[in-house]
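Given next are the chains, with one letter for each unit.
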Amino acid sequence: MADLPDVPTLLDAAVTALGGSRREGQTAMADAVAAAVDEREHLVVQAGTGTGKSLAYLVPAVRHAMDRKNTVVVSTATIALQNQLIDRDLPRLAGALSSLLPREPTFAVLKGRRNYLCRNRLQTADEDAEDAELFDPRQLSSLGRQVARLHEWAEETVTGDRDELVPGVSDLAWRQVSVGANECMGARICPFGQECFAEFAREATQGVDVVVTNHAMLSIDMAQGRHILPEHDTIMIDEAHELVDRATSVSTGSLSERVVNTAAKRAARLVEPGISERLTECADGLALMFTESPDGRLDHIDDALANAVAATRDAASACVTAIGPSPGELDPDGASDRRLALAALEEVRDTAVRVLESYEPALRDRTEVVWLTRAPGRQPALNVAPLAVGGLLREKLFGDRTVVLTSATLTLGGSFTSLANQWGLGREVTREAAERAAAGAPGTTRAEPGEGDTPAAGPDEDDDGPHRAAGEPRWRALDVGSPFEHARSGILYVATHLPPPGRDGLAPSYLDEIAELIEAADGRALGLFSSMRAAQQAGDELRDRLDQPILCQGEDSTGQLVRRFAEDERSCLFGTLSLWQGVDVPGPSLSLVIVDRIPFPRPDDPLASARQRAVAAHGGNGFLSVAATHAALLLAQGTGRLLRSTDDRGVIAVLDPRLATARYGGFLRASLPPYWGTTDPEVARSALRRLSRRAAPEPAAG
């Protein structure tokens with residue numbers, strides 16, 4: 001469609017219509033995205049907070065979709081970000097561009113089937129509460145009230161989308177009225193097939209310009225051979241630093257007494273009692289074995305546990321065989337029971353198979369890791385997950401479509417290499433290398449780390465060679481910077497006078513340091529802690545010492561706490577992981593970010609420790625590739641909470657002296673924006689006092 005305006009023209013129109021101003025980084029990113037889409041080459045873009053990256057990829061996406069008459073998929077890290085694009089960004093953009101395009105751009109959202117109410121499941125929710133025997137009468141009474149409310153909501157809702165149910169219901173209640181994709185009997189058979197909310201959502205994605213989904217849904221689509229998302233040739237992945245974790249989570253299987261009992265319960269409606277009872281006995285056997293097995297990663301499986309898992313596999317397979325192939329036309333209730341049973345049984349069988357097969361190769365050559373988890377109030381579970389997902393992403397994501405990956409945090413240690421290897425991308429092809437290749441000049445080569453599945457130990461200085469391993473995707477990287485002047489707006493203070501953090505909670509010297517910083521800032525502090533125990537300890541002990549209000553994660557919903565923190569300028573908010581990436585509070589309510597320790601994964605984290613060992617087994621630096629990379633990513637995300645607008649000013653206080661003193665400290669600091677640095681506590685406190693006085697309201701006239 002030759003008469004479409006070019007991307008710069010559309011971007012200018014969008015920025016003007018939305019009341020913004022032209023930003024150099026945003027323009028550079030939009031141009032790069034447009035070029036990548038035209039040249040069918042993958043692009044990795046780091047765009048700092050304030051760049052306006054959403055518009056920078058949405059404008060080229062809309063133009064490409066209308067030019068090629070093809071859908072562009074946008075994937076985000078979470079449902080919340082997905083909703084932001086659908087409810088705010090895309091409607092405003094469509095309105096801004098409608099006068100320049102032949103028609104107004106169209107868009108739709110697609111979530112997993114489990115996010116939509118299932119009318120068929122709703123009919124049996126009252127008498128079919130899963131695992132009812134595991135809950136006391138008060139819990140069951142609450143469940144009943146929630147299910148009754150869902151019946152009422154079903155008569156009102158237009159979309160059946162769980163996110164539109166306010167206030168929400170528990171996960172247990174929602175499971176009674178929803179199904180996963182593998183549990184759905186299909187619209188053709190289902191008595192409510194013509195009223196299916198999930199089918200309505202899928203139909204709404206057909207023929208639109210932009211479909212917004214999330215990384216979990218994208219991972220499921222890849223695993224199932226791309227049968228969920230509409231046909232597309234281009235995908236924009238926002239918050240791309242989360243992609244590996246989400247893909248790993250989707251690929252993780254779990255065996256527990258509850259999971260196996262649920263499968264047996266569903267099978268009991270369709271098979272002879274003796275067959276399903278055998279699976280119930282296996283659930284009891286697994287539970288017994290779990291009590292005798294250690295927590296954490298299981299590098300070796302003893303005969304007793306292996307026999308229990310094998311028996312579970314065989315019993316689930318026997319139930320599947322007994323159910324047999326579909327007998328043809330079934331009544332709706334029978335079809336639903338059959339689909340639910342098969343889904344649960346196949347999940348149990350396949351997970352058991354994965355667990356047992358994971359132990360067959362030698363330890364050095366294993367591609368999956370198995371571990372046992374125990375948590376208060378939850379049943380023990382045996383889990384299995386892939387050591388890496390680079391091979392899956394290389395084959396299923398980067399194969400025959402153009403992919404743009406973007407985030408505010410993609411360079412770790414100053415290089416894109418770490419995340420690129422985790423995604424299975426291999427080496428970047430620079431323009432210089434491409435030109436040398438075209439001219440016939442010799443290039444450089446390097447050993448490939450096993451199908452992209454083992455992260456490299458760090459940047460490879462010779463990664464611009466044109467000779468690539470077979471199947472390596474072609475990609476380029478770009479860092480468009482940030483509109484923030486980090487060295488003028490933020491101070492990175494590392495408390496080198498403190499001892500290294502210990503394992504027994506926060507030392508008194510750490511609590512003293514936090515108190516002094518908060519007093520200097522007069523509150524306005526976000527405390528990012530490595531554990532919930534540390535956050536609660538700091539909150540409990542400092543409430544008695546400080547006048548400033550202290551909010552602690554877990555005392556209310558995270559959204560409500562962040563709202564109260566933003567509204568009360570003198571308040572402090574303490575918490576752990578979700579706050580490292582989920583807080584956006586511009587203005588005077590936040591001028592101090594406190595990090596208690598470098599956020600390395602726990603030494604006993606099964607996946608991280610197994611990945612470190614796998615890298616080391618192949619000659620790499622496991623600590624740098626896995627633990628330090630993990631810490632660098634979280635540290636960059638957490639410290640990024642400080643500057644959310646160009647007017648923000650403040651101090652990032654890292655209490656862990658290792659950031660300045662350890663050998664890996666340089667790698668971690670290189671992963672952060674170029675803040676002005678100091679190790680002098682008085683410099684940090686003086687800066688906070690000045691900011692506090694500037695933010696304080698003027699006294700009323702006498």
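Cut-offs used in this document
Residues numbered from 1 in each chain as written. Predicted model: local features only at pLDDT ≥ 70, side-chain atom pairs only at ≥ 80, totals over all residues. Heavy atoms only, no water. UniProt positions renumbered as here; feature names shortened; annotations may be inferred. Axes fitted to C-alpha atoms, helices over the stretch in contact; angles between N-to-C directions. Helix = DSSP H or I, 4+ residues; strand = E, 2+ residues; numbered from the N terminus. Parallel < 35°, antiparallel > 145°, perpendicular 65-115°, else oblique. Contact = heavy atoms within 4.5 Å. Nonpolar A, V, L, I, M, F, W, Y, C, P; charged D, E, K, R; others polar. Salt bridge = Lys/Arg side-chain N within 4 Å of Asp/Glu carboxyl O. Buried < 20%, exposed > 50% of the residue type's maximum accessible area, 1.4 Å probe, protein only. Pairing = 2+ DSSP bridges. Patch = residues over 30% accessible without salt bridge, like charges linked within 9 Å, V, L, I, M, F, W, Y side chains within 5 Å. Areas by Shrake-Rupley, 256 points an atom, 1.4 Å probe, with all protein chains shown as cover. Lys, Arg positive; Asp, Glu negative; His and termini not counted. Charge placed at Lys NZ, Arg CZ, Asp CG, Glu CD. 1 Å grid on protein atoms, 1.4 Å probe; cavity = no way out; pocket = protein on both sides within 12 Å on 5 of 7 lines; lining within 4 Å. Points joined across faces, edges and corners; volume = space filled by probe spheres on them. Core = buried A, V, L, I, M, F, W, Y, C linked by side-chain atoms within 4.5 Å. Phe/Tyr/Trp six-rings, centres within 6.5 Å; stacked < 30°, edge-to-face > 60°. Expected span 1.5 Å × (residues − 1). Polar contact = N/O pair within 3.5 Å; in protein donor to acceptor, adjacent residues only side chain to side chain.

- In the annotation of an unreviewed UniProt entry, the entry for the protein chain reads DNA 5'-3' helicase, and the organism field reads Nocardiopsis tropica.
- Its UniProt record, at the heading Cofactor (unreviewed entry), says of the protein chain: "[4Fe-4S] cluster".

1. Section: the packing of helix α11 (residues 257-267) against helix α12 (residues 273-291)
Axis angle and axis distance: for two packed helices, these are the angle between their axes and the distance between the axes, and together they describe the pair.
No. 1: Contact geometry of α11 with α12 gives a least axis separation of 8 Å together with a crossing angle of 175°. Classed by the angle they form, the pair α11 and α12 counts as roughly antiparallel. Of α12, the residues touching α11 (which contributes Glu 257, Val 260, Asn 261, Ala 263, Ala 264 and Ala 267) are Ser 276, Leu 279, Thr 280, Ala 283, Asp 284, Leu 286 and Ala 287.
No. 2: Grouping the amino acids of the contact of α11 with α12 by side-chain chemistry returns eight nonpolar, three polar and two charged.

2. Topic: the pattern of salt bridges
No. 1: Summed over all chains, the structure comprises 37 salt bridges.
No. 2: Salt-bridge contacts for Asp 350 lead to Arg 349; the nearest nitrogen and oxygen are separated by 3.0 Å.
No. 3: Looking at Asp 350, the relative accessible area reads 38%, which means it is partly exposed.
No. 4: Owing to a relative accessible area of 23%, Arg 349 belongs among the partly exposed residues under this scheme.
No. 5: The partner of Asp 604 in a salt bridge is Arg 602, with the nearest N and O atoms 2.9 Å apart.
No. 6: Residue class for Asp 604 comes out partly exposed when judged on its relative accessible area of 45%.
No. 7: Given the relative accessible area of 59%, Arg 602 is considered exposed.
No. 8: Here the salt bridges share partners, and the residues they tie into one network are Glu 516, Glu 682, Arg 685 and Arg 689.

3. Some words on the sheet that holds strand β7 (residues 296-297)
One key point about sheets: their strands pair by backbone hydrogen bonds, in either a parallel or an antiparallel sense.
No. 1: Pairing within the open sheet is antiparallel, and its four strands lie in the order β6-β9-β8-β7. In this open sheet, the two strands that pair with only one neighbour each are β6 (253-256) and β7.
No. 2: In the sheet, β7 pairs with strand β8 (residues 368-375) via two bridges, with the strands oriented antiparallel. The partner of Arg 297 across the bridge, within β8, is Trp 371.

4. Section: the sheet that holds strand β14 (residues 550-552)
No. 1: In space, the seven strands of this open sheet follow the order β14-β15-β13-β16-β17-β12-β18, with parallel pairing throughout. Among the strands making up the open sheet, the edge pair consists of β14 and β18 (676-678). Here the strands of the sheet are splayed against their neighbours by 15° on average, with no regard to which way each runs.
No. 2: Examined bridge by bridge, strand β16 (residues 592-595) and strand β17 (residues 650-654) share four bridges and lie parallel to one another. Its bridge partner being in β17, Val 593 is matched across the sheet by Ile 652.
No. 3: Its contacts with the sheet put helix α19 (residues 508-521) on β12 (490-494), β13 (525-528), β15 (572-575), β16 and β17, and the angle it makes with β16 is roughly 175°.

5. Points about a positive patch on the surface
No. 1: Together, Arg 649, Arg 690, Arg 693 and Arg 694 give the surface a local cluster of positive charge.
No. 2: The topology assignment puts Arg 693 in helix α27 (residues 681-695).
No. 3: By relative accessible area, which is 59% here, Arg 693 ends up exposed.

6. Some words on empty space enclosed by the protein
No. 1: In total, this model carries three cavities of 30 Å³ or more according to the counting rule given.
No. 2: Taken together, 22 residues make up the lining of the largest cavity; nearest its centre are Cys 118, Val 179, Cys 184, Cys 190 and Cys 196.
No. 3: Secondary-structure elements contributing two or more residues to the lining of the largest cavity are α5 (119-124) and α8 (197-204).

7. Focus on the environment of Glu 199
No. 1: Position of Glu 199 among the secondary structure elements: in helix α8.
No. 2: Setting aside its immediate chain neighbours within four residues, Glu 199 contacts Arg 113 and Ala 187.

8. Let's talk about the nonpolar core
No. 1: By size, the foremost hydrophobic cluster in this structure holds 85 residues, and its most contacted members are Ile 237, Leu 397, Leu 405, Trp 423 and Leu 668.
No. 2: Of the residues forming this core, the biggest block, seven residues, is contributed by helix α24 (residues 622-639).
No. 3: Among the nonpolar cores identified, the runner-up in size contains 38 residues, and Met 29, Ala 34, Met 66 and Met 236 belong to it.

9. Here's the deal with the packing of aromatic side chains
No. 1: In this structure the tally under the stated criterion is five aromatic pairs.
No. 2: Ring centres of Phe 600 and Phe 623 lie 5.4 Å apart, and the angle between their planes is 50°; this geometry places the pair in the tilted category. Pair noted here: Phe 600 is in the loop between β16 and α23 (606-617) and Phe 623 is in helix α24, with a separation of 23 residues, a long-range link.
No. 3: Under the relative-accessibility criterion, Phe 623 is labelled partly exposed at 33%.
No. 4: Residues Phe 600 and Tyr 664 carry aromatic rings whose centres are separated by 5.3 Å and whose planes lie at 85° to one another, so their mutual orientation is edge-to-face. You can see Phe 600 sitting in the loop between β16 and α23 and its partner Tyr 664 sitting in the loop between α25 (658-661) and α26 (665-670), a full 64 residues away along the chain.
No. 5: Three or more aromatic residues link up through ring pairs in this structure, and these residues are Phe 600, Phe 623 and Tyr 664.

10. A few points about α23
No. 1: The end-to-end C-alpha distance of α23, which contains 12 residues, comes to 16 Å, matching closely the 16 Å that a straight helix rising 1.5 Å per residue would cover.
No. 2: The set of residues buried in α23 consists of Pro 606, Leu 607, Ala 608, Ser 609, Ala 610, Arg 611, Ala 614 and Val 615.
No. 3: Looking at the buried positions of α23, the neighbouring elements they touch are α10 (243-250), β7, β8, β9 (378-386) and α24.
No. 4: The opening residue of α23 is Asp 605, an N-cap whose side-chain oxygen sits 3.3 Å from the backbone nitrogen of Leu 607.
No. 5: In the stretch just after α23, Gly 619 is the one whose phi turns positive, near 90°.

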